[in-house]
Amino acid sequence: MSQSDTLHALVPDLRAICGDDGVLTDTAQRRTYESDGITYHAELPGVVVLPTTPEQVAGVVRLCAEHGVPFVPRGSGTGLSAGALPRADGVLIVTSRMRRIIEIDIPNERAVVEPGVFNLDVTRAAAPHGYYYAPDPSSQQVCSVGGNIAENSGGAHCLKYGFTVNHVTGLQIVTPQGELVELGGKAADAPGYDLIGAFIGSEGTLGIATRITVRLLRSPQKVRTLLAAFDGMDAGGRAVSAVIGAGVLPAAIEMMDALAIEAAEAAVACRYPEGAGAVLIVELDGPAAEVDSQFEQVTRLCRDEGAFELRSADDPAERTTIWKGRKSAFAAVGRISPAYIVQDGVVPRTALGEVLGRIAALSAESGIRVANVFHAGDGNLHPLVLFDDAEPGAGDRAEAVSAAILDLCIEAGGSITGEHGVGVDKVCHMPDMFGPDDLAAMDRFRRAFDPQGIANPEKLLPTPRLCGERPGARKGVHPLVASGEAELF
Amino acid sequence: MAYPSESTEQAALAAHAPVRAATAADTAAGTAARLVAAPADAAAASALLGEAARLRLSVLPRGNGTKIDWGAPPRSCDLIIDTAALSGIDHAAGDLVVRAGAGTPFAELRRVLADAGQRLSVDEVVPGSTVGGVVATGVSGPRRMQHGPVRDLVIGMTVLGHDGVAASSGGRVVKNVAGYDLAKVQAGALGTLGLIASVTFRLHPVPPALRVVRAESDDPGAVGAWAAALRRSQVMPTAVELDWPGGGPLSLRVLLEGTGQGVAERADAVAAVLDGAKTEDAVPADWARPPGGPDDTLLEFAVPLAEVLPTAARLHDAGAAAGASVAVKGSAGCGVLYAAVPAGTAPDAVQRLLLLLRDGMAAGSATVRRAHPDLHAAGLEVWGEVPGLALMRAVKSGCDPDHRLSPGRFAGGL
């Protein structure tokens, strides 16, 4: 029996598990799911299921495991690494019908939600009690908490508040063998290995989260936002260093360059100061007394570094105005370029200036425009590589610039992805960052969960089929001696 | 099969590191070791582990040995690997990041960072700990309330596997989602998944000002109400610590860190919530230490936030009824606390207290951190129920197929 026959033979069983309306086989319907946030990776899923309960998810996965059929989990499909790219020979398990907020438990500061719940809806449910859910990826209005688990999502405010992994105390998961397992709960520090910590950010390769217990934080007493305009990126970068160096930990520090500002102006008329070569957005939150004194300090530091205009926002409406340009930046670039690639590299913060300079040089040499929007506080760059997809070869040239930017990040001691994940998009860059032994350890971990290799296969870890054989893959012992890593102490 | 003689073994190991016969001091929770080796660096440790794998020796990594009795007794311990020489500090101050060798004394790391106005926001819970020991046991002190437990501050790790092969995960930047975060499972794994060679941490600047607000009461209900009121407030404490010695009143300490003016105003806000509050300018030297003495049985329990005081009270009352004066101390702010049952308490009484603790909680866990070998011999249930054990077993087998790394020290006999 061919793979597609195997899949078709499963359809009646899938219908028995998820109901007739929970299984999509029609081509037009399946087409809706052929890609996630990265549309240039597309594949028509073999079958799509829309389970409504953890038991249904477990039933579907069990069926896949029995027949050796791959499955791909998907939340809202907003991911930016093609982590939810479907498989023609597999089942796409979509959690969008699991959208209940099960409990808001204020005395214990927890929320229990299903994986399809929108990130922002957790905060909406907690807000009347004076609480919120901290991770705030830009797509928070539509991205799912389950997807955030898969990607270990951060957001603009993760500089101070951390990532999804720092905010989850309990997970119910369906393992790649189709078993429902409860890990942790409302209490911290579940006994045993921290499987929750390792599961978060595993991009659907270790199973599917079906119920999630998250921490809720008390809303800050005060929030103040500063917009500072500089002549150029150098001055802006120095201001960031000055703020961090002074011991201030803002909730967010974001920076945009002239091209990103131009795009944002064209799209949403955010009215950032005219002539700015760089704008910095610094947000401070916390107890009022702390925020006020730090705000003065940050304002002074920005001025010292040459900010020619400073605006402050103390209420939600003013804050929205300041954030509008930044939040719209990705989409706005569509106004000034027919197509673009978003990168997600990370550099040590002290290397920001140098790496930005080299990106500018790359752009000048190649004639390909690069707009920079980034989380300056933690060195997470989002260069937008602009190109015209109607022009032959332009996509490939943009892709080359994009890859060269990642190389710069790795060279500077950074990472190939700060928050978008590896997925399919960066899987062949993994060997640039990790050695064969590192990848082998990760692969062993994966197999502990998924011995059959059916959970979101060919994502996250490189395979020879996808990325070619790498020379020098080592088997055996004594790697430290061999690779001279004695200095690793 | 024929086992190599002890002297052949020792000679083979000695090619990679100085090896000596174990003494009476080289035990872990009552399990005696045979040999102790002290590799000069990570490369030597790697080679030593490779040799131990060929010789099929069970291996126990040891830092300064301050928590070597934590967990269950290892089933066997042929070789202790002393990590003292796997030391070194590589501080990237501008990036607020540090990499430290496993054997680096934790106090030394703190000193170096403090000189640069920075800190790793993990309190030294057990004095004399090494970096590797803190991470391998996952002990996290009062400041975990604001900064998270130690595993949250680890951004990269290099681990030597059962065969000595080094594997790294994470990196040197805080924001990084490339690959599995394997450091998460190593943190708190008590050396059962590998030997931690070096760890990279994210750091924080030392806040300019600090204030502690303290209040006492004999009534757990009143203290519980204070803790609840603090949660509803917006003062953002760095830590909320409960200290309830066996005899005497409960005290609650609220640590505030920030700017001078900020902490002053926040301290006033906290004082308004607590009854009879006193404000202090420093934390007591022992405030991060577990309660009780070194020979007491040390339990750890984690419960939902609103259950902290009721759980502590239940344990306290049950101890008193059994003639054991139980001391409770820990993070009321996170719901993770220690309890000390006095040394000499009968094993069945300790077991009953543990079961009462577990049975009484709607959610959470209670485990034995450290117990006298006699209690282990009497069958003390160290871990209780561990959900997800089948997955943990698979992870263990993947990392350590022959179960030679600290075998039996961890949950579920892993």
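Residues numbered from 1 in each chain as written. Chains lettered and ligands numbered in written order. Predicted model: local features only at pLDDT ≥ 70, side-chain atom pairs only at ≥ 80, totals over all residues. Heavy atoms only, no water.

1. Let's talk about the interface of chain A and chain B
Turning to step 1, where the next piece is worked out: In this assembly, 90 residues from chain A lie in contact with 89 residues from chain B.
Turning to step 2, where the next piece is worked out: Buried area between chain A and chain B, summed over both chains or domains, comes out near 6,800 Å², and the portion from carbon and sulfur atoms is 64%.
Turning to step 3, where the next piece is worked out: If you look at where chain A meets chain B, you find 4 salt bridges.
Turning to step 4, where the next piece is worked out: Its salt-bridge partner being Glu 419 of chain A, residue Lys 175 of chain B comes within 3.0 Å of it at the nearest N-O pair.
Turning to step 5, where the next piece is worked out: Those elements giving two or more residues to the side of chain A that touches chain B turn out to be α6 (158-161), β9 (180-184), α7 (195-199), α10 (288-304), α15 (430-433), α16 (436-449) and α18 (479-483) of chain A.
Turning to step 6, where the next piece is worked out: Counting residues per element, the side of chain A that touches chain B draws most heavily on α16 of chain A, which supplies 9 residues.
Turning to step 7, where the next piece is worked out: Considered class by class, the residues forming the side of chain A that touches chain B number 44 nonpolar, 27 polar and 19 charged. (Contact = heavy atoms within 4.5 Å. Buried area = accessible area lost by both parts, 1.4 Å probe. Salt bridge = Lys/Arg side-chain N within 4 Å of Asp/Glu carboxyl O. Helix = DSSP H or I, 4+ residues; strand = E, 2+ residues; numbered from the N terminus. Nonpolar A, V, L, I, M, F, W, Y, C, P; charged D, E, K, R; others polar.)

2. Details of helix α8 (residues 220-232) of chain B
An α-helical segment advances 3.6 residues per turn. Residues three or four places apart therefore align on the same side.
Residue and element names in this part refer to chain B.
Turning to step 1, where the next piece is worked out: Across its 13 residues, α8 extends 19 Å between first and last C-alpha, which sits within 8% of the 18 Å expected from 1.5 Å per residue.
Turning to step 2, where the next piece is worked out: Taken together, the buried positions of α8 are occupied by Pro 220, Ala 222, Val 223, Trp 226, Ala 227, Ala 228, Ala 229, Leu 230 and Arg 231.
Turning to step 3, where the next piece is worked out: Between the side-chain oxygen at the start of α8 and the backbone nitrogen of Gly 221 there is a gap of 2.8 Å, and the oxygen is on Asp 219. (Expected span 1.5 Å × (residues − 1). Buried < 20%, exposed > 50% of the residue type's maximum accessible area, 1.4 Å probe, protein only. Polar contact = N/O pair within 3.5 Å; in protein donor to acceptor, adjacent residues only side chain to side chain.)

3. Remarks on the pattern of salt bridges
It is possible for side chains bearing opposite charge to pair when their charged atoms get close.
All names here are of chain A.
Turning to step 1, where the next piece is worked out: In total, this model carries 42 salt bridges over all chains according to the counting rule given.
Turning to step 2, where the next piece is worked out: Notably, a salt bridge pairs Arg 124 with Asp 121, separated by 2.8 Å at the nearest N-O pair. Of the two residues, Arg 124 and Asp 121 are both situated in helix α4 (residues 119-126); the distance of 3 residues between them amounts to about one turn of the helix.
Turning to step 3, where the next piece is worked out: For Arg 124, a relative accessible area of 48% corresponds to the partly exposed category.
Turning to step 4, where the next piece is worked out: Judged by its relative accessible area of 22%, Asp 121 is partly exposed.
Turning to step 5, where the next piece is worked out: In this structure, Arg 224 engages Asp 292 in a salt bridge whose closest nitrogen and oxygen atoms are separated by 3.2 Å. In this pair, Arg 224 sits in strand β12 (residues 222-230) while Asp 292 sits in helix α10, placing the two residues 68 residues apart along the sequence.
Turning to step 6, where the next piece is worked out: We classify Arg 224 as buried; its relative accessible area is 15%.
Turning to step 7, where the next piece is worked out: A relative accessible area of 24% places Asp 292 in the partly exposed class.

4. Concerning the UniProt feature "domain: FAD-binding PCMH-type" (unreviewed entry) in chain A
Turning to step 1, where the next piece is worked out: In this structure's numbering, the residues bearing the UniProt feature "domain: FAD-binding PCMH-type" (unreviewed entry) are residues 40-219 of chain A.
Turning to step 2, where the next piece is worked out: Across residues 40-219 of chain A, helical content stands at 21% and strand content at 24%; the span's end C-alpha atoms are separated by 39 Å. (UniProt positions renumbered as here; feature names shortened; annotations may be inferred.)

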